[in-house]
Amino acid sequence: MPGLSEIQGRLVPTFDLLRGRADTSGRLRLRMKFLLSLILVIAALTFSTLLIVGRSAEGQVQKAIEQDTRNSVLTFENMRAERQLELSRNAELISTLPAVKALMADPGAASMDDAFEGIWHSKNFDLVALSDWTGKIVALHTSSPGFPISTAQEMFEESRGASEKGTWWFGHGHLYQAAMRPIDLSDPPTKMHLGTVIVGREIDSQVAREVGRIALCQIAFRYGDEPVVSSFSAFDERTVSDGLSPRAASGKFQVGDKRYLFSSVNLTPTLHPNLTLTVFKPYDEAFAYIHHLNESLILLGLAAVVIGGVIVFLLSSTFTRPLEQLVAAVQALEEGNFVYPLGPDTGDEVSQVTAAFERMRLTLRNNEEQTQMLSEQLRHSQKMEAVGRLAGGVAHDFNNLLTVIKGHSDLLEVKLGNLSPVRHSVTEVKKAADRATALTRQLLAFSRMQVLQPQVLDLNAVIADVNKMMPVLLGEEVEYNFLPGERLAHIKADPSQIEQVLVNLAVNARDAMSKGGKLTVTTQNVVLDEEYARTHPPVIAGKYVLVVVADTGHGMDEQTKSRIFEPFFTTKELGKGTGLGLSTVYGIVKQSGGYIWVDSAVNQGTRFEIFLPQTTEAVSLVEKKEIFRPMNQGTGTVLLAEDEEAVRELACEFLRASGYHVIAAKDGIEALELAEQEKKTIDVLVTDVVMPRMRGTELAMRLKRANPDINVVYMSGYLEHNSDDSFLTNAELLQKPFSRESLLQKLYAVLARDAVRSVHLN
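Residues numbered from 1 in each chain as written. Predicted model: local features only at pLDDT ≥ 70, side-chain atom pairs only at ≥ 80, totals over all residues. Heavy atoms only, no water.

### A short note on the packing of aromatic side chains
A complete count under the given rule lists 10 aromatic pairs for this structure. Measuring from centroid to centroid gives 4.8 Å for Phe170 and Tyr223, while their planes differ by 25°, and the two rings are stacked. With Phe170 in strand β3 (residues 167–171) and Tyr223 in strand β6 (residues 218–223), this pair connects stretches of sequence that are 53 residues apart. The buried category is assigned to Phe170, whose relative accessible area is 7%. Where Tyr260 meets Phe280, the ring centres are 6.3 Å apart and the plane angle is 85°; that geometry is what we call edge-to-face. Placement of Tyr260 in strand β9 (residues 258–266) and of Phe280 in strand β10 (residues 275–282) is noted, with a sequence separation of 20 residues between them. As far as burial versus exposure is concerned, Tyr260 and Phe280 are alike and both buried. Through a chain of ring-to-ring contacts, the aromatic side chains of Phe232, Phe253, Tyr260, Phe262 and Phe280 assemble into a single cluster. (Phe/Tyr/Trp six-rings, centres within 6.5 Å; stacked < 30°, edge-to-face > 60°. Helix = DSSP H or I, 4+ residues; strand = E, 2+ residues; numbered from the N terminus. Buried < 20%, exposed > 50% of the residue type's maximum accessible area, 1.4 Å probe, protein only.)

### Brief notes about the sheet that holds strand β18 (residues 637–641)
If you walk across this open sheet you meet the five strands as β19-β18-β20-β21-β22, and the pairing is parallel. Whereas interior strands pair on both sides, the edge strands pair on one side only; in this sheet they are β19 (661–665) and β22 (732–735). On average, each strand axis in the sheet is inclined to that of its neighbour by 20°, with strand direction left out of account. For strand β20 (residues 684–688) and strand β21 (residues 711–716), the ladder comprises five bridges, and the chain directions are parallel. Pairing of Leu685 across the sheet is with Val712, part of β21. Here helix α17 (residues 645–657) sits on the sheet and contacts β18 and β19; the angle it forms with β19, its principal contact strand, is near 170°. Helix α19 (residues 696–706) contacts β18, β20 and β21 of the sheet and is inclined by roughly 160° relative to β20. (Pairing = 2+ DSSP bridges. Axes fitted to C-alpha atoms, helices over the stretch in contact; angles between N-to-C directions. Contact = heavy atoms within 4.5 Å.)

### A closer look at helix α5 (residues 149–159)
Within the span of α5, buried status applies to Thr151, Ala152, Met155, Phe156 and Ser159. The buried residues of α5 occupy an angular sector of 140° when projected down its axis, which confines them to one face. For α5, the secondary structure elements touched by its buried residues are β1 (127–132), β2 (137–142), β3, β4 (174–184), β5 (193–202) and β6. (Arc of directions from axis to C-beta.)

### Thoughts on the environment of Lys492
Secondary-structure assignment places Lys492 in strand β13 (residues 490–493). What makes Lys492 partly exposed here is its relative accessible area of 42%. For Lys492 and Leu457, which are 35 residues apart along the polypeptide, the C-alpha to C-alpha distance reads 5.9 Å. Excluding anything up to four places from it in sequence, Lys492 contacts Pro454, Gln455, Val456, Ser592, Thr615 and Glu617.

Right, here's the structure in full:
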């Protein structure tokens, strides 16, 4: 086997040739490469053919030998049937002899042995036995000594009820084929028997050799695990007895310098132990021609290798010359040259490779352009994601601050009264806080961390509701049309957020049509296939509802279009836009599981396409909840879990001032501990969703298991990315920043619903 350095030495010229710098030795080595490849292919084909032909021939010979084996078994079965017929007739004849009947009727009248001796010498049997009516062997005579009457008694007990095929008796190395007939008491026969006569012929080596001679094979008998007799010589018979497994049904076996295929047949499947006949068929001569065939194939393969190698060596230059031109084109492609001229099309395989290279070169050029485009999209997506996470984090902290500002403004407004000279200042603080809240929610919508309450919607119905405000929103100079799709599929989204998407796009279109124009909203069902998904990543193929918002405004150039979804990007004058309108639309669509695309050109209008995934669920029924106005005094115990201290203290003040008994905890773990220590029944859990050590959703589930009647109000200003929060059914969601009235409203809602449920139960 060549070493690593030798292999490297052989590969280096090949690499040089591919780079267009091969010399004469390099071409010769390439030619040798063709030669060695052909030699390997021819050798592989030759030896594969040899293996297939050899296997096939061996299989045919194996089948022929197996057929001969079955024929040998049939030969023995025919011989056994003839012998059995003869034995049955003789047994029938003996059972009808008057002397035998008289002997069995009065066994004491004469000597049993003397009478039986006459029967024995009258026929040519190897075994004759008589049993009385009780089944006891009373007389036995065998041609070979050493077969005791006790063994005969045992064989007789096992052979009772034998069929016409007869039975087998074995004892002390002797095997007999036997037939039994009852000795009837009278003529015609009745069910009363005087006894049974048994006659048999021994299966000895002479019989085995006779069967083997007729069937052109060797045979051996085995009774259970004990060998009986075979047609082999005495020396070979010992080899067969010692080497052949009693449980082997078929296979190969070697006796001396001869090899045999053997097959065993159970002659007594209903008896135990079984009598087994094993047939040995020699196969050395049958396989001799296969070796001759193998030698011929090897010589033919070597001749093919030599002749083919010479031809390839002479003709290899025909292939290396166009390959050199192709390699030069490869080298030019490495340098970035996509237009290097290729060789002429001669119609052969090398020309096909050259054409394939041309297609590959074109594909590489297209891929390079697409890679640049996708890289730009990836950088834009990463930038948007980073800004979104930053905005979400800022909005989270800002929500808590706004909650404190709005809450204390409410408290100041209540405490100061309407006649206070600073009431106007408090009102302005509240207005500023409301504007900051709206801005915060836009940031959360862009960053896809907004708290949504999705429902199954009929999008046409949602747009129809928005249409009521469109004339006021767009003005008289803009013509508005809504073209609803027929049999529109349902979607699952937050209806208020979908309304915000439509309003933001309408406002954007109005600003783009300062001199008037036309705004059209259409809906329809669409199916996006794999081809569309491949050209519009990250779209997933499937069924969607398409919303198209198209205007006839001044449009956008490519640079503006590539940045419209970026936060704080706006083309309006300073102070006339926050730059969050379209970024908010983008975030809401993404958070709803959809996709948004824009098509626009200067002076050709703008077309927004929004794809929202279809759902097979039924449209959600909007429950008309009774509005409960805050009362001066509330009743019940409230467990409050909030990690932000200022928010926690503010909520406690709101609740306690309204009459609630409040248990305050800084996180979920402390809330669980305080709940276990509290003796009063906790009516409502008010918990923040995102808290250290234990999230509010897990806290709610644990308390719900301990107290199924507890009501839950979640507080949250945003949702984290990749969170797996699952909210309890019938729980209320209080969005931060909240006011005193909104907090008390949620408590009144859950407690009133609990009271209504109790009335129904009673």
